[in-house]
Amino acid sequence: MKNILTTLLLSTALFSSVYTKQDRIKDMQVMAEAMTTIETGFFYNNNDIVQNGALSLSDAIRRIKPPLEVKEEKDPMARYMNNKVVFSNKIVKTIDKKAKIIIERFAVGDVQAATQAYTKIMKQCMRCHHEIRQW
């Protein structure tokens, strides 16, 4: 009985951790809203709004994962050529780091550095959409 319960819990955990296309769409929408919030905070010179947007962006970007079919690609040459997992992980780290810079620099009044970090985040977004989504 104990083994059956353990097996059920493990299988539930494995199936619930699958990152679906719907999850990714939702996270992309959250990130778009977060970028808009950060921009609004810049326009109103409001640190709280900027921080809320940057924290929301940072939280959403950490959830982003490559599509399941890319992660489970069996052919090693296809995985190597696509390189989408490594590519997206690198972008996630960069955006997360730049979101922290926005929070730190805007809080001390360095608006120029904060807006430069925002621009670099936007560049990473476009880079990902160009490479992975073929825009």
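Residues numbered from 1 in each chain as written. Predicted model: local features only at pLDDT ≥ 70, side-chain atom pairs only at ≥ 80, totals over all residues. Heavy atoms only, no water.

Caption draft 1: Just unusual backbone geometry, in detail. The phi dihedral of N45 falls on the positive side, at around 50 degrees, and the residue is not glycine. Note on placement: N45 falls in the loop between α2 (21–44) and α3 (47–63). (Helix = DSSP H or I, 4+ residues; strand = E, 2+ residues; numbered from the N terminus.)

Caption draft 2: Spatial organisation of the pattern of salt bridges. Here the structure, examined in full by the defined rule, presents five salt bridges. Across the pair R63 and D27 runs a salt bridge, and its minimum N-O distance is 2.9 Å. Taken together, the positions of R63 in helix α3 and D27 in helix α2 put the pair 36 residues apart, joining distant regions of the chain. On the basis of relative accessible area, R63 is assigned to the partly exposed category, the value being 33%. Beyond isolated ion pairs, a larger network of salt bridges with shared partners links D27, D59 and R63. (Salt bridge = Lys/Arg side-chain N within 4 Å of Asp/Glu carboxyl O. Buried < 20%, exposed > 50% of the residue type's maximum accessible area, 1.4 Å probe, protein only.)

Caption draft 3: Molecular detail of the packing of α2 against α3. Orientation of α2 relative to α3, taken along the N-to-C sense of each, is 160 degrees, at an axis distance of 8 Å. The orientation of α2 relative to α3 falls into the category roughly antiparallel. The chirality of how α2 crosses α3 is left-handed. Of the residues in α3, those touching α2 at D27, V30, M31, A34, M35, T37, I38, T40, G41 and F42 are I49, V50, G53, A54, S56, L57, A60, I61 and R63. (Axes fitted to C-alpha atoms, helices over the stretch in contact; angles between N-to-C directions. Parallel < 35°, antiparallel > 145°, perpendicular 65-115°, else oblique. Left-handed = near helix turned anticlockwise from the far one by under 90°. Contact = heavy atoms within 4.5 Å.)

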